[in-house]
Amino acid sequence: MTDYKKTIGIEVHVELKTKEKLFSPMINNYGSLANSNANIIDLGLPGVLPTLNREAIDLAIRACHVLHCKINHHMHFDRKNYFYPDNPKNFQITQERTPIGRDGYVEINDNGIKKKIEILEMHIEEDTAKSIHAKNNTLLDFNRAGVPLIEIVTKPCIKSSREAVLYLEALRELLLYAKVSDCKIEEGSMRCDANISISNSDKLGTKIEIKNIGSITNVGLAIEYDARRQEELLSKGEILKEETRRYDAKLDKTILMRVKETGNDYRYFPEPDIPFFTIDDEYINNIISEIPLNAYKRREKYLNAGINTINVDKIIANIDICDYMETLNDVNLKTASNLLLGDISAYLNKKNISIFETKLTPSKMKDLVEKLDGNIISNKNFKEIVVDIMESDLNIDEILEKNNIKNVVDNKEIESLINKVLENNLNVVSDYLNGNERSLKYLMGQVMKESHGSINPAKANEMLVKLLEVKR
Amino acid sequence: MSKYLDLSIKEIHELLVKHQIKPIDLVEEVIDRYNNNELNAFITMDIDGARSRAKELEEIEVEEDNLLFGIPIAIKDNINVNGLKCTCASHILENYESVYDASVVSLIKEKNMIIVGKTNMDEFAMGSTSETSYFGPPINPYNKNKVPGGSSGGSAVCIAGGIVPFSLGSDTGGSIRQPASFTGIVGMKPTYGRVSRFGLIAFASSLDQIGPMSRNVYENAILLNAISGKDEKDLTSFKTNEDFTRMIGEDIRGMRIAVPKYFVSDIVSPEVVEIFNKNIELLKQSGCIVDYVDIKFIEKAVVLYQIIAMGEASSNLARFDGVRYGLSESGKTIDEMYKKTRTEGFGREVKRRIMVGSLLLSGENAKTYYNKAMAIRDDLKKSFEEIFKSYDLVLGPTSSRVAYDLNSNNDNPLSGFMDDILVMHANMGGFPAMSLPMGKINELPIGLQIMGPMYSEATIYKLGSYLESILGGSND
């Protein structure tokens, strides 16, 4: 009888990857010992004042740019007043009246259909401490207190869970590749809240907020679940109240946290300890010029280099490998990508390190790729020396020597070796010339045996056929 | 008993340089004087710390170009001194010990001054009599039944009572100048941002300013030299690189002075106006040009102050919640814990201001009151700036009456604000303003206020020092 339509808005908090916190010179780092990265400012001790980390503003400008937001040139911060133990000053410094960005969009591609997901605003604010609930107590870790965040709020223009997921994937990729944040949902550096209402008329339904959903996939599942739940209630004639819920992935259910009281009163007012500040176009353009190549452009470049779609997707999904690709100049990217996605990735995963922590310098990589492309070494050789390549300061030639890999690369030498084999196997040669293809394999085996494996097989095969054809 | 502390700073310095006295002699004299009076000027006295610092200073050569070397100073108890209690005269911080130095305290220590203790004040600097102190009010040395003014009452009393030659106060709406007026000393509220507020426990952040309190104008300027400057930890601070004593002694002839008619209207007691006008006559005779002027919005200052200061205070004092430091009362829920801690920890006046401030910022009220107050504040500032285009300085009495009886204000929460009716403009505009003694009424001192445009402290000291000299004050 009724066809309910979903209206969805998404709020995302993203931790900016700054060296220091937003309002104090304390290190911004995930995973340190609890409360080891908290100073008197982060703890909100009496008498402290905030300073302003310019790097956070710069990263927020980057984010504005990649999300196509208009950038506010004249800004200030506001205090949002509320009592909570994880909020050390009992006010949070945020941007209520002058968000750094407004009116942006993220383009999504839903099976070839492009749609712009509109962004209402983006503002900078400080993170709270982390509450850890242990039995009857709550423990507080202030390492997170004062970490810079941007909050990105869409307009209620998302129509389906699929659009929501595509938006978040696109948003994550944009921010990740602009080096704004590492966007790790599992570490809390990207946090997603979804607002969803359903309606079968032109009037919007009651808004339900689902907070802090643990993965992008789960955002889709949570929206689907809650839309079904709301529809069931509405079809029973019930009236919905504004609620805050959370999504339990194990149960695939949203669970009520609290019913929203009438209008939260945060008593906002301009933060008096941080003067209004202005950023001009020149400053903004400088920041924008430093943004690394985005994923879209990198994807194009790799496809043009002849890398297949599956491998391109694999590279883009691994920003470390992708960044490494970007360090390579005048190198056959296709060969390089095969190495990087194959044995090198296997090595990195096993060691659990980044490629930038290895001894594989870009120039070493270039040498390696050229040697492989030039048939100077074989893939088999590469597998034998991959660990040395990653761990040793030696160059490729030195590594080959150390591993006693001496390939015959001189054409005349290879030719005489093959001719010797042909002379010793005249019967087989005539078999081949009479059309027995299998004879070729035998002869090839003899060549490799004679050379003790020091000839590149592809090269040997090519020359063998050539010399046989001469005898025709 | 020695009387070195009654000498001028220059004379004391001379004795130190010539090794005729040591810093410890000054410290012992402070301790003697502290023990021999009952002014209740201090909340914490750091006798051991002061003695050991004085002993340490014996190990280094007296710095000949540093008049403040080895000189004792007292610090208002809302400014953090590492290792000493910092109570803000409140039960909620009664046992709170600072874990860092305010930037201004670091500068004091770099100058090798000796911090002897933390002074009594109105709780969280909210008041103008120092009676809201959890530790009881300090006493006016001129009459023990009279208030010393506030909120920097202890910082004023310890100088007026001869215990120390210097102290630091803080001024949000007259809290340095009004007690200076009531106790006959010199108190300067510098330009907003002149002295770093890092380490000052905030009352109203956009109005608060730390300033020097002293026995005379010259010594006040010396202390301001030591504590001013840009601080990376305070984004509102600035640097000008100047010597504030440099204009002292210059000819004041031709200085243009404005006296707002409001400052000599019937809001001020006739005796005070009379003394003030005598001073104005002296200045005219000395060649100053004096005009009585109207200044737009001047009468709005008290209302603006109430809205802005209380709004900001309600936010600034939110951090005292029992979670991380200070008094903590247990409760079954977190909300109950907050409620019990804050009910128990804050005094009546502080609670009143937090509640009014919260209401003023709440929902639509923020637009109706706070935002409008900020806009009018801007207009008030501009109307003063207009005056400063034609005049070097603005003069008036510091307070509308002399010190009054203790406990006389208790039933009327508004009357205290009226004490500051002549001094709040400087905080609204960020202007520097100083109070210095201009005479006495019934043996009680009364101050004259000199206010100037932003960054004009040196000009204020120039005129102040001149007035002091013709009135017979000390000026070395």
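Each chain has its residues counted from 1, running along the sequence as written. Note on labels: chains are lettered from A, ligands numbered from 1, in written order. Since the coordinates come from a predicted model, pLDDT governs what is reported: local features require at least 70, and pairs of side-chain atoms require 80 or more to be given and counted, while whole-chain, interface and lining totals use all residues. Excluding hydrogens and water, the side-chain figures rest on all heavy atoms present in the structure.

Colleague: Would you take a moment to explain the overall build of chain B for this structure?
Modeller: Along the backbone of chain B there are 15 helices and 11 strands. Radius of gyration means the value over C-alpha atoms here, while the globule rule gives 2.2 Å times the residue count to the 0.38 power. Taking 2.2 N^0.38 as the reference for a compact globule, 476 residues should give roughly 23 Å; the C-alpha atoms of chain B span a radius of gyration of 21 Å, in line with that estimate. Buried means the residue's accessible area, taken with a 1.4 Å probe over protein chains only, is under 20% of the maximum for its type, while exposed means over 50%, and partly exposed covers the values in between. In chain B, buried positions account for 63% of the 476 residues. Should any heavy atoms of two residues lie within 4.5 Å, those residues are considered in contact. Partitioning the contacts of chain B with sequence separation of at least 6, the portion at a separation of at least 24 is 74%. All accessible-area figures derive from a Shrake-Rupley calculation using a 1.4 Å probe, and residue coverage is judged against the displayed protein chains alone. Element-wise, carbon and sulfur atoms account for 48% of the exposed surface of chain B, whose accessible area totals about 16,900 Å². Residues counted as positive are Lys and Arg, residues counted as negative are Asp and Glu, and His and the chain ends are not counted. The location of each charge is read from NZ of Lys, CZ of Arg, CG of Asp or CD of Glu. Treating the 50 positive side-chain charges of chain B as one cloud and the 63 negative ones as another, the clouds have centres 4 Å apart. Helix and strand assignments come from DSSP, with helices taken as H or I runs of at least 4 residues and strands as E runs of at least 2, each series counted from the N terminus.

Colleague: Sorry, what's going on with the pairing of strand S10 (residues 433-441) of chain B here?
Modeller: Remark: a regular strand shows side chains that alternate across the two faces of the sheet. Residues and elements named next belong to chain B. Here strand S5 (residues 186-189) runs beside S10; their pairing, made up of three bridges, is antiparallel. Counterpart to Lys189 in the pairing with S10 is Ala433. A pair of strands is treated as paired once DSSP finds two or more bridges between them. Bridge count for S10 against strand S11 (residues 444-451) is eight bridges, and the pairing is antiparallel. Directly across from Ala433, in S11, lies its bridge partner Met451.

Colleague: Is there a simple way to think about the domain arrangement of chain A in this case?
Modeller: Size of an interface: often given as the accessible area lost when the parts come together. Residue and element names in this part refer to chain A. Residue ranges for the domains trace back to a domain assignment, done automatically or taken from a database. Domain parsing of chain A yields domain 1 (5-278), domain 2 (293-402) and domain 3 (411-470). The gap between the C-alpha centroids of domain 1 and domain 2 is 37 Å. Counting residues at the interface gives four residues for domain 1, matched by 10 residues for domain 2. The term buried area refers to how much accessible surface (probe radius 1.4 Å) is lost by two components on association, counted for both of them together. The largest contributions to the domain 1 side of the interface with domain 2 come from Glu173, Tyr177 and Lys179, which together make up 86% of the buried area. Salt bridges are defined by distance alone: a side-chain nitrogen of Lys or Arg within 4 Å of a carboxyl oxygen of Asp or Glu. Summed over the shared surface of domain 1 and domain 2, the result is two salt bridges. As a salt-bridge pair, Asp323 and Lys179 come within 2.2 Å of each other at their nearest N and O atoms. Basically, the charged four are Asp, Glu, Lys and Arg, the nonpolar ten are Ala, Val, Leu, Ile, Met, Phe, Trp, Tyr, Cys and Pro, and anything else, Gly included, counts as polar. Within the side of domain 1 that touches domain 2, the residues separate by chemical class into two nonpolar, no polar and two charged.

Colleague: Looking at this structure, I do not really get the packing of helix H7 (residues 319-326) of chain A against helix H8 (residues 333-351) of chain A. What am I missing?
Modeller: Helices that pack against each other are described as a pair by the angle of their axes relative to one another and the distance between those axes. Residue and element names in this part refer to chain A. Where H7 contacts H8, the two axes come as close as 11 Å, and the packing angle between them is 140 degrees. In terms of axis orientation, H7 runs oblique to H8. Crossing geometry of H7 relative to H8 is assigned as right-handed. Only Leu333, Ser337, Leu340, Ser345 and Leu348 of H8 make contact with H7, whose side of the interface consists of Ile321, Tyr324 and Met325. Per-class residue counts for the contact of H7 with H8 are six nonpolar, two polar and no charged. Simply put, an axis is a line fit to the C-alpha atoms, just over the touching stretch for a helix, and the angle between two N-to-C directions goes from 0 to 180 degrees. Any angle that is under 35 degrees is reported as roughly parallel, and any over 145 degrees as roughly antiparallel; angles of 65 to 115 degrees are reported as roughly perpendicular and all others as oblique. By definition, any crossing whose near helix is turned counterclockwise from its far helix by less than a right angle is left-handed, and any crossing with a clockwise turn is right-handed.

Colleague: Even after reading the chapter, I still don't get the sheet that holds strand S1 (residues 5-15) of chain A, so can you show me in this structure?
Modeller: For sheets, the rule is that strands pair by backbone hydrogen bonds, running either parallel or antiparallel. All names here are of chain A. Pairing within the open sheet is mixed, and its nine strands lie in the order S2-S6-S7-S10-S1-S11-S12-S13-S14. What marks the edges here is a single partner per strand, and that holds for strand S2 (70-71) and strand S14 (253-259). Summarising the sheet, strand S7 (residues 113-126) and strand S10 (residues 148-154) pair through seven bridges and their orientation is antiparallel. Following the sheet pairing, Glu121 is matched in S10 by Val153. Across the face of the sheet, helix H1 (residues 54-66) comes into contact with S2, strand S6 (101-110), S7 and S10 while running at roughly 165 degrees to S7. The sheet contacts of helix H2 (residues 161-177) involve S1, S6, S7, S10 and strand S11 (190-199), and relative to S6 the element is tilted by about 115 degrees.

Colleague: Looking at this structure, how should I read the side chain of Ser237(B)?
Modeller: All names here are of chain B. In this structure, Ser237 sits in the loop between helix H7 (217-227) and strand S7 (256-260). We classify Ser237 as buried; its relative accessible area is 6%. Pairs of N or O atoms within 3.5 Å make up the polar contacts considered here, provided that, within protein, one atom can donate a hydrogen while the other can accept it, and that residues adjacent in sequence are counted only when both atoms are side-chain atoms. At a separation of 2.7 Å, a polar atom in the side chain of Ser237 contacts the main-chain carbonyl oxygen of Asp234. In contact with Ser237, other than residues within four places in its own chain, are Gly193, Gly229, Lys230 and Asp231.

Colleague: What should I look at first to understand the packing of H8(A) against helix H9 (residues 362-373) of chain A in this one?
Modeller: Residues and elements named next belong to chain A. At a minimum axis separation of 10 Å, H8 and H9 run at an interaxial angle of 105 degrees. When the axes of H8 and H9 are compared, the pair comes out roughly perpendicular. Facing H8, whose interface residues are Thr335, Ala336, Leu339, Leu340 and Ile344, H9 presents Met365, Leu368, Val369, Leu372 and Asp373. Class assignment for the residues of the contact of H8 with H9 results in eight nonpolar, one polar and one charged.

Colleague: Can you help me understand the nonpolar core in this one?
Modeller: The nonpolar side chains of a soluble globular protein tend to be buried, and buried together. Side-chain atoms within 4.5 Å are what join buried Ala, Val, Leu, Ile, Met, Phe, Trp, Tyr and Cys residues into a set we call a nonpolar core. Counting residues in hydrophobic clusters, the biggest one holds 160 residues, and the most contacted among them are Phe124(B), Leu168(B), Leu395(B) and Leu463(B). The contact partners of Leu395(B), leaving out residues within four places of it in the chain, are Ile257(B), Ala258(B), Val259(B), Pro260(B), Phe263(B), Phe276(B), Ile280(B), Leu283(B), Leu448(B), Gln449(B), Ile450(B) and Leu463(B). Residues Val12(A), Ile196(A), Ile284(A) and Leu339(A) belong to the second largest nonpolar core, which totals 103 residues.

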